[in-house]
Amino acid sequence: MLQIDQLTKTFGAKTAVKAATFTVEKPAMIGIIGRSGAGKSTLLRMLNCLTEVSAGTIMFDGVDVTALRGAAKRNWQSQCAMIFQQFNLVPRMDVVSNVLHGILNRRSTLATMFNLYPDEDIHKAIAILDRLGIAEHAPKRAEALSGGQQQRVAIARALMQDPKIILADEPIASLDPMNAQVVMQSLRQIHEEDGRMVIANLHTLDTARRYCDRVIGMRDGKIVFDGTPDQLTTGVARDIYGADETFSEAATSTEIETLNAEVVKLAEVAESV
Ligand SMILES: Nc1ncnc2c1ncn2[C@@H]1O[C@H](COP(=O)(O)OP(=O)(O)O)[C@@H](O)[C@H]1O
Ligand SMILES: [Mg+2]
């Protein structure tokens with residue numbers, strides 16, 4: 001399906017992504033991990049054509065997407081919907097209109113200006129919100145929702161495009177542990193039920209392990225690991241994060257585990273009294 005070959009991006013003297021090469025045979029849920037500055041966002045942005053590549057190719061179903069221009073490029077961009085850490089919703093606009101923005105590029109400017117969406121699109125948006133467990137919030141302003149709910153609106157907006165791939169750049173980095181779990185579970189569900197490919201940049205190891213079938217590790221712009229969560233040993237993790245023997249997975253762990261530990265501690269306390 002997706003073949004990335006020798007993909008490279010330079011910014012002046014800085015090489016952000018160095019000859020990244022990997023193939024995805026069938027829709028998978030892939031986590032990309034690595035330190036801040038490793039090149040994860042640049043890689044995703046190249047996949048979505050938000051950033052021009054300096055060298056290398058991205059083939060999807062036999063088409064070189066780096067060569068696409070105009071309408072063909074926009075079509076590709078709607079095939080691989082992006083989700084961001086900061087949700088990128090229109091805060092003062094209602095939730096359902098935010099979701100309908102997912103098909104903005106298919107609508108005339110005039111129709112969009114007057115919020116004239118066909119009933120069937122509105123029904124589709126509500127159905128997607130319902131699937132994500134947030135239909136009751138449809139008429140509210142996006143800014144009135146919690147972070148986790150807003151990220152689910154962003155996922156709904158992405159689904160409105162009916163994309164083949166969902167690219168998520170640190171989708172849970174701004175969320176509290178419980179919301180982070182709900183959002184990752186939503187992405188996992190979309191992958192499993194719809195057969196969509198999900199590629200998510202994740203800054204923590206445990207999230208990648210828990211939700212992904214495959215993990216790609218980046219260090220200094222290079223792919224230094226590509227395998228299953230089982231193959232991701234502590235030694236490999238050390239190498240990805242460029243750490244020494246003092247490295248502990250806890251250092252890259254999200255608060256989900258911290259929270260679980262707190263719950264266990266509380267349970268222990270409760271038992272002892
Ligand atoms: N637009 C840009 N201009 C210059 N340098 C950039 C730009 N975007 C990213 N970089 C650099 O490329 C490297 C990789 O960045 P990035 O892809 O954002 O890493 P990550 O997402 O893993 O934190 C970093 O050194 C960053 O400073
Ligand atoms: Mg990044």
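- Under an unreviewed UniProt entry, the name given to the protein chain is Phosphonate ABC transporter ATP-binding protein, and the source organism is Yoonia phaeophyticola.

## Considering the environment of I166
Link 1 in the chain: As for its position among the elements, I166 is in strand 7 (residues 165-169).
Link 2 in the chain: As for I166 and A200, which are separated by 34 residues in sequence, their C-alpha atoms are 8.0 Å apart.

## Overview of the sheet that holds strand 2 (residues 14-24)
Link 1 in the chain: Across the sheet, which stays open at both edges, the four strands sit in the order 2-1-4-5 with antiparallel pairing between neighbours. Edge positions in the open sheet fall to strand 2 and strand 5 (63-64), since each of these has one partner strand only.
Link 2 in the chain: Strand direction decides the pairing type here: strand 4 (residues 55-60) and strand 5, joined by two bridges, are antiparallel. Within strand 5, the position partnered with F60 by the bridge is V63.

## Brief notes about the environment of A154
Link 1 in the chain: Here A154 is to be found in helix 6 (residues 147-160).
Link 2 in the chain: According to the C-beta neighbour criterion, A154 is buried, with 25 such atoms within 10 Å.
Link 3 in the chain: Separated by 17 residues in the primary sequence, A154 and P171 have C-alpha atoms spaced 9.8 Å apart.
Link 4 in the chain: Aside from chain neighbours lying at most four places away, what touches A154 is I83, F87, N88 and L89.

## Looking at the pairing of strand 9 (residues 214-219)
Link 1 in the chain: Bridging between strand 3 (residues 29-33) and strand 9 involves four bridges; their strand directions are parallel. Within strand 9, the residue paired with I30 across the bridge is R214.
Link 2 in the chain: In the sheet, strand 9 pairs with strand 10 (residues 222-227) via five bridges, with the strands oriented antiparallel. Looking at the pairing, I216 lines up with D226 of strand 10.

## Some words on the nonpolar core
Link 1 in the chain: By size, the foremost hydrophobic cluster in this structure holds 70 residues, and its most contacted members are V99, V153, A156, I166, L187, V198 and I199.
Link 2 in the chain: Ranked by residues supplied to this core, first place goes to helix 6 with seven residues.

## What about the site of ligand 1?
Link 1 in the chain: Residues in close proximity to ligand 1 include F11, K14, A16, G34, S36, G37, A38, G39, K40, S41 and T42, which together make up its full environment.
Link 2 in the chain: Of all the secondary structure elements, the ones that give two or more residues to the shell around ligand 1 are strand 2 and helix 1 (40-47).
Link 3 in the chain: Counting residues per element, the shell around ligand 1 draws most heavily on helix 1, which supplies three residues.
Link 4 in the chain: Taken together, the residues that form the shell around ligand 1 break down as three nonpolar, six polar and two charged.

## Concerning the confidence of the model for the protein chain
Link 1 in the chain: Confidence in the prediction of the protein chain, expressed as mean pLDDT, is 89, and 85% of residues score 70 or more.
Link 2 in the chain: Confidence drops under pLDDT 50 across residues 254-260; counting only partners more than four residues distant or on other chains, this segment forms twelve contacts.

## Brief notes about unusual backbone geometry
Link 1 in the chain: Here F87, not a glycine, exhibits a phi torsion of approximately 70°, which is positive.
Link 2 in the chain: By the secondary structure assignment, F87 is in the loop between strand 6 (80-84) and helix 3 (95-100).
Link 3 in the chain: The residue N88 is not glycine, and still its phi comes out positive at about 55°.
Link 4 in the chain: If you trace the backbone, N88 turns up in the loop between strand 6 and helix 3.
Link 5 in the chain: A count of 13 C-beta atoms within 10 Å places N88 in the partly exposed class.

## Digging into the packing of helix 5 (residues 119-131) against helix 6
When two helices pack together, their arrangement is given by the angle between the helix axes and the distance between those axes.
Link 1 in the chain: Here helix 5 crosses helix 6 at 135°, and the two axes come no closer than 9 Å. Considered as vectors, helix 5 and helix 6 are oriented oblique to each other. Seen along the crossing, helix 5 lies across helix 6 with a hand that is right-handed. Facing helix 5, whose interface residues are K124, A125, I128 and L129, helix 6 presents A156, L159 and M160.
Link 2 in the chain: Of the residues contributing to the contact of helix 5 with helix 6, the split by class is six nonpolar, no polar and one charged.

## Re the pairing of strand 3
Link 1 in the chain: With five of five residues buried, strand 3 is to be regarded as a mostly interior element.
Link 2 in the chain: The alternating pattern of strand 3 places M29, G31 and I33 on one face and I30 and I32 on the opposite face, and all of these are buried.

## A word on the sheet that holds strand 8 (residues 197-201)
Link 1 in the chain: One open sheet accounts for six strands, arranged 6-7-8-3-9-10; its pairing is mixed. Here the strands that pair on one side only, and so sit at the sheet edges, are strand 6 and strand 10. On average, each strand axis in the sheet is tilted by 15° relative to the strand beside it, whichever way the strands run.
Link 2 in the chain: Where strand 7 meets strand 8, five bridges bridge the pair, whose relative direction is parallel. Its bridge partner lying in strand 8, I165 is registered against M197.
Link 3 in the chain: Running over the sheet, helix 9 (residues 234-241) touches strand 3, strand 9 and strand 10 and is turned about 160° from strand 10.

Reading the values: rules and limits
- Residues numbered from 1 in each chain as written.
- Chains lettered and ligands numbered in written order.
- Predicted model: local features only at pLDDT ≥ 70, side-chain atom pairs only at ≥ 80, totals over all residues.
- Helix = DSSP H or I, 4+ residues; strand = E, 2+ residues; numbered from the N terminus.
- Pairing = 2+ DSSP bridges.
- Buried ≥ 20, exposed ≤ 12 C-beta atoms within 10 Å, placed from the backbone.
- Contact = placed C-beta atoms within 7 Å.
- Core = buried A, V, L, I, M, F, W, Y, C linked by C-beta atoms within 7 Å.
- Near = placed C-beta within 6 Å.
- Nonpolar A, V, L, I, M, F, W, Y, C, P; charged D, E, K, R; others polar.
- pLDDT = per-residue confidence, 0-100.
- Axes fitted to C-alpha atoms, helices over the stretch in contact; angles between N-to-C directions.
- Parallel < 35°, antiparallel > 145°, perpendicular 65-115°, else oblique.
- Left-handed = near helix turned anticlockwise from the far one by under 90°.

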